[in-house]
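# Chain and residue survey
So the chains spell out like this:
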Amino acid sequence: MSSRFDVRYGEEIADKMEAVVMTAPEILEIQSVPVPEPDIGEVLVKVECTTICGTDIEIIKGGHLPNWPPQLPAILGHEWAGRIVAMGPMTEGFGLEMGDAVAGTSHAGCGACRMCLIGRYNLCYNYGNTVTGHRQYGHITQGSYAEYVTNNIRALHKMPEGMSFEHGSAVDPAGCGLWTAKRAGVNPGDTVVILGSGPIGVFAYESAKAMGAGRVIVVGGGRRLEILEEQGAEVVSYRDGGVPERIDEMTDGRKANVVLETAGTTDSFRWSVDCGGKGARVAITGIPENIPDMAWKRVVLEEMDIFGVRANPNCGDEVLALIHSGRLKVDPYITHRFPLREYQEAHDAFVARKDGALLVNLTPGA
Ligand SMILES: [Zn+2]
Ligand SMILES: [Zn+2]
């Protein structure tokens, strides 16, 4: 393969690869497409495992057009792990080598703007301006639903020796869970309420525990909530109604010190404040279509803090360490495995929450 840049290949790479291509809202096709070439600061990675994210489902519906993706056709996917098979220009000397197992995350900031320089690269001022090097994989630039993906080394995390690619593929969503817990500042002994029992809720639960929460109560539903209960969570089914009242009962009226909202529904948005007590810290990851009235008076008079959460900045290495040490569990939440070419079936299982679908993993080239 020839390149406009000086790219070092570790093995012979075919010109074409199999990929899941979104051609229109709700239309996905398995296509043979050119293998991408690494740009400055990028490596080419062979994807070994990639995981479906709830955001992908919304993107596939067309709900984020024309931002994510900015044009069609597009290749989505941003939760993945694989092995470096080619090194692009200006990638030497950063601790990543040919053949390394790496986990991907979606945001690569420009690296030079004020937000990037203070570590908030998920808020890069050059968002979407790819000339500056900014990328958001699987959103505005090619993602991991393919045999190969190019990725800036800024958005890659070297996996510890012996870690499985399934664990590596959990780094992006687990990082979102950890960042949610970090934004709200979970302190040892805190009572934490998590709204939502999907993948981010699961990893917010695991992260809150790893950060020393005293009690963690998860509000969710169905088989997903049962899986969390099996992992030791106190659970409240939203289907039984009266969620804030039940949190009151369970906490002797004190409510939670920390609320982590991960469901993105109108109810969960409102409950994020309703379930928090005096001085509570509330982190919100979801944006519902209809923003409800909130108990703003309580927010003021009870000195509650509310934090927005976007993705998972600076959490990749931390979650790798937590997963590797066994303090953040992944395996109980892997519910489905498919070859990448059966993407539609995997997508449908995730959407239908078949058997409590949580982490639905795909293997390219299988
Ligand atoms: Zn995701
Ligand atoms: Zn930037």
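It should be emphasised that the depicted structure is a prediction, and the values quoted were computed from it without experimental measurement.

## What to know about the overall build of the protein chain
- Counting its regular elements, the protein chain contains 11 helices and 18 strands.
- Computed over its C-alpha atoms, the radius of gyration of the protein chain comes to 20 Å, within 12% of the 21 Å expected for a compact globule of 366 residues.
- In terms of overall dimensions, the protein chain has a C-alpha envelope of 65 × 40 × 40 Å along the principal axes.
- Burial status across the protein chain gives 55% buried among its 366 residues.
- Within the protein chain, residue pairs in contact and separated by at least 24 positions form 69% of the contacts whose partners lie at least 6 positions apart.
- Accessible surface for the protein chain amounts to roughly 15500 Å². Of this, 49% is attributable to carbon and sulfur atoms.

## Concerning the coordination of the zinc ion (ligand 1)
- Looking at the zinc ion (ligand 1), one finds its protein donor set to be Cys53 (SG), His78 (NE2) and Glu79 (OE), positioned 2.1 to 2.4 Å from the metal centre.
- We note that the donor set of the zinc ion (ligand 1) lies within a single chain, spaced as C-x24-H-E.

## Focus: the coordination of the zinc ion (ligand 2)
- The protein atoms donating to the zinc ion (ligand 2) are Cys110 (SG), Cys113 (SG), Cys116 (SG) and Cys124 (SG), with metal-donor distances spanning 2.3 to 2.5 Å.
- For the zinc ion (ligand 2), the four donor atoms in the first shell make angles of 103 to 114 degrees at the metal, so the coordination geometry reads as tetrahedral.
- Counting gaps between the donor residues of the zinc ion (ligand 2) yields the pattern C-x2-C-x2-C-x7-C. Accessibility classification places Cys110 together with Cys113 in one group, the buried group.

## Considerations on the environment of Asp15
- Tracing the backbone shows Asp15 in the loop between β1 (8-9) and β2 (16-24).
- Distance from Asp15 to Gly177, taken between C-alpha atoms, is 37 Å for residues 162 residues apart in sequence.

## Topic: the sheet that holds strand β15 (residues 276-284)
- Across the sheet, which stays open at both edges, the six strands sit in the order β13-β12-β11-β14-β15-β16 with parallel pairing between neighbours. Single-partner strands in this sheet number two, and they are β13 (234-237) and β16 (305-308). Neighbouring strand axes in the sheet, compared pairwise and without regard to direction, differ in orientation by 20 degrees on average.
- As judged from the four bridges shared by β15 and β16, these two strands associate in the parallel manner.

## A word on the domain arrangement of the protein chain
- Taken as a whole, the protein chain is organised into domain 1 (8-170 + 330-363) and domain 2 (174-308).
- Computed from C-alpha atoms alone, the centre-to-centre distance between domain 1 and domain 2 is 29 Å.
- Contact with domain 1, which involves 14 residues of that partner, is made by 16 residues of domain 2.
- Between domain 1 and domain 2, a total of about 1200 Å² is buried, with carbon and sulfur atoms accounting for 63% of that surface.
- One can count zero salt bridges joining domain 1 with domain 2.
- Where domain 1 meets domain 2, there are three residue pairs in polar contact (both at pLDDT 80 or more).
- Taken together, the residues of the side of domain 1 that touches domain 2 break down into eight nonpolar, three polar and three charged.

## A look at the side chain of Thr51
- Inspection of the secondary structure assignment puts Thr51 in strand β4 (residues 42-51).
- Within the structure, the side chain of Thr51 is placed 2.8 Å from the side chain of Ser169, a separation counted as a polar contact.
- Of the polar contacts made by the side chain of Thr51, one reaches the side chain of Asn361; its length is 2.6 Å.
- What Thr51 contacts, discounting residues up to four positions off in sequence, is Asp56, Glu79, Tyr145, Ser169, Leu359, Val360 and Asn361.

## Considerations on the pairing of strand β3 (residues 27-34)
- Note: β2 against β3, eight bridges, orientation antiparallel. Its bridge partner lying in β3, Ala24 is registered against Ile27.

## Overview of the packing of helix α4 (residues 171-184) against helix α10 (residues 316-324)
- At a closest axis distance of 9 Å, the pairing of α4 and α10 adopts a crossing angle of 105 degrees. Taken together, α4 and α10 sit at an angle that is classed as roughly perpendicular. Contacts between α4 and α10 involve Val171, Ala174, Gly175, Leu178 and Lys182 on the former and, on the latter, Gly316, Glu318, Val319, Leu320, Leu322 and Ile323.

The rules behind the values
- Residues numbered from 1 in each chain as written.
- Chains lettered and ligands numbered in written order.
- Predicted model: local features only at pLDDT ≥ 70, side-chain atom pairs only at ≥ 80, totals over all residues.
- Heavy atoms only, no water.
- Helix = DSSP H or I, 4+ residues; strand = E, 2+ residues; numbered from the N terminus.
- Rg over C-alpha atoms; globule rule 2.2 N^0.38 Å.
- Buried < 20%, exposed > 50% of the residue type's maximum accessible area, 1.4 Å probe, protein only.
- Contact = heavy atoms within 4.5 Å.
- Areas by Shrake-Rupley, 256 points an atom, 1.4 Å probe, with all protein chains shown as cover.
- Donors = N, O, S within 2.8 Å, 3.2 Å for Na, K, Ca; no water.
- Tetrahedral: all angles 85-135°; square planar, octahedral: opposite > 155°, others 65-115°.
- Pairing = 2+ DSSP bridges.
- Axes fitted to C-alpha atoms, helices over the stretch in contact; angles between N-to-C directions.
- Domains from an automatic or database assignment.
- Buried area = accessible area lost by both parts, 1.4 Å probe.
- Salt bridge = Lys/Arg side-chain N within 4 Å of Asp/Glu carboxyl O.
- Polar contact = N/O pair within 3.5 Å; in protein donor to acceptor, adjacent residues only side chain to side chain.
- Nonpolar A, V, L, I, M, F, W, Y, C, P; charged D, E, K, R; others polar.
- Parallel < 35°, antiparallel > 145°, perpendicular 65-115°, else oblique.

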